Amino acid sequence: MPLDILTIPCLADNYAFLAHDPDTGDTALIDAPEAAPILAALAETGWKLTDVLITHHHYDHVDGLQDILTEHPARVTGASADAHRLPALDVQVAEGDQVTVGSETGAIIDVSGHTVGHIAFHFPASKAVFTADSLMALGCGRVFEGTKPQMHESLQKLAALPDDTRVYSGHEYTAANGKFALTIDPENTELISRLREVADKRASDIPTVPSLLSEELATNPFLRAHDPAIQTHLGMEGANATDVFKEIRTRKDNF
Ligand SMILES: [Zn+2]
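Residues numbered from 1 in each chain as written. Predicted model: local features only at pLDDT ≥ 70, side-chain atom pairs only at ≥ 80, totals over all residues. Heavy atoms only, no water.

J.: Before we move on, can you summarise unusual backbone geometry with the specific residues and values?
T.: Where the residue is not glycine, phi is negative for most of them; where a peptide bond is considered, it is trans in most cases. Of note, the amide linkage connecting valine 209 to proline 210 takes the cis form, showing an omega dihedral of 5 degrees. The topology assignment puts proline 210 in the loop between helix H6 (189-203) and strand E14 (211-212). Notably, leucine 11 is not glycine yet its phi reads approximately 45 degrees, a positive angle. Following the sequence through the fold, leucine 11 ends up in the loop between strand E1 (4-10) and strand E2 (14-20). Classification of leucine 11 by relative accessible area gives partly exposed; the value is 42%. Here aspartate 205, not a glycine, exhibits a phi torsion of approximately 60 degrees, which is positive. (Helix = DSSP H or I, 4+ residues; strand = E, 2+ residues; numbered from the N terminus. Buried < 20%, exposed > 50% of the residue type's maximum accessible area, 1.4 Å probe, protein only.)

Quick look at the structure:
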């Protein structure tokens, strides 16, 4: 049975997720922006917290952890590269390592760029990847610690996952990301129709996360640096995809 995944809005625009194995009852929390909504979700579902998986060190992904662990002791997993600035870890991982949630195995993908040491958790049997502030719906995280080519390489790893993978990213930024995407890819009819769906969902306060990787491949400009229409629009015909990505990310920083 695939993991049962619950999206939990936290703080102003963050998401945390509970991933529950219905066979074993084990449950992982992915990121802990704040305790209260996560504790409420655990109480409401009755799920037993066994694991916490941390994507990166930013406060809006770890601040709720201590209060959650006080009530629900669990095994905490995070990147070895980030161990010095994460809350205490029980398990340190790096790309190539695996984690288990109940009977499901997840792979660690290094997605450095937003921070150095940012990891994603891919659960192939559940067709789910937890990307936090690397690949986001219609966007990607700002490059604070790594380099733009490094972020491009990280996103390429995620782009290579199966098309029907659901992307559980860390923030509700989709509408704002979409406004920017339209300035890069204005003729993209799939993007235009996706923006209508996003506006409808947001008007009803429905999360736009998770999204499908196939939608991101078709509409997210940060996965489309190789696209001839985008290159022409930017006056960069035939340029290499990394340079086009750098230009798109720079424009987003100044948008
Ligand atoms: Zn962050």
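J.: For the sheet that holds strand E8 (residues 104-110), give the residues involved together with the corresponding values.
T.: Pairing within the open sheet is mixed, and its 6 strands lie in the order E7-E8-E9-E10-E13-E14. Both edges of this open sheet fall to strand E7 (98-101) and E14, since each of them pairs with a single strand only. Sheet topology note: the strand E9 (residues 119-123)/strand E10 (residues 128-132) ladder contains 3 bridges and is antiparallel. Residue phenylalanine 123 lies in a different strand from E10, and its bridge partner there is alanine 128. Contacting E8, E9 and E10, helix H4 (residues 148-159) crosses the sheet at an angle of about 155 degrees to E8. (Pairing = 2+ DSSP bridges. Contact = heavy atoms within 4.5 Å. Axes fitted to C-alpha atoms, helices over the stretch in contact; angles between N-to-C directions.)

J.: Tell me about the side chain of histidine 122, and name the residues and values.
T.: With respect to the helices, strands and loops of the structure, histidine 122 is situated in strand E9. Given a relative accessible area of 9%, histidine 122 falls into the buried group. The residues contacting histidine 122, other than those within four sequence positions of it, are Thr105, Gly106, Ala107, Ile109, Ala128, Val129, Leu161, Pro162 and Thr165.

J.: Describe empty space enclosed by the protein, naming the residues involved and giving the relevant values.
T.: Per the counting criterion, the structure on display carries 1 cavity of 30 Å³ or more. Taken as a whole, the largest cavity spans an internal volume of roughly 40 Å³. Looking at the largest cavity, the residues that line it are Tyr15, Phe17, Ile30, Asp31, Thr55, His61, Phe130, Thr131, Ala132, Tyr168, Ser169 and Gly170. Among the secondary structure elements, those contributing two or more residues to the lining of the largest cavity are E2, E10 and strand E13 (166-169). No other element matches the 3 residues that E10 contributes to the lining of the largest cavity. The residue makeup of the lining of the largest cavity, split by class, is 6 nonpolar, 5 polar and 1 charged. (1 Å grid on protein atoms, 1.4 Å probe; cavity = no way out; pocket = protein on both sides within 12 Å on 5 of 7 lines; lining within 4 Å. Points joined across faces, edges and corners; volume = space filled by probe spheres on them. Nonpolar A, V, L, I, M, F, W, Y, C, P; charged D, E, K, R; others polar.)

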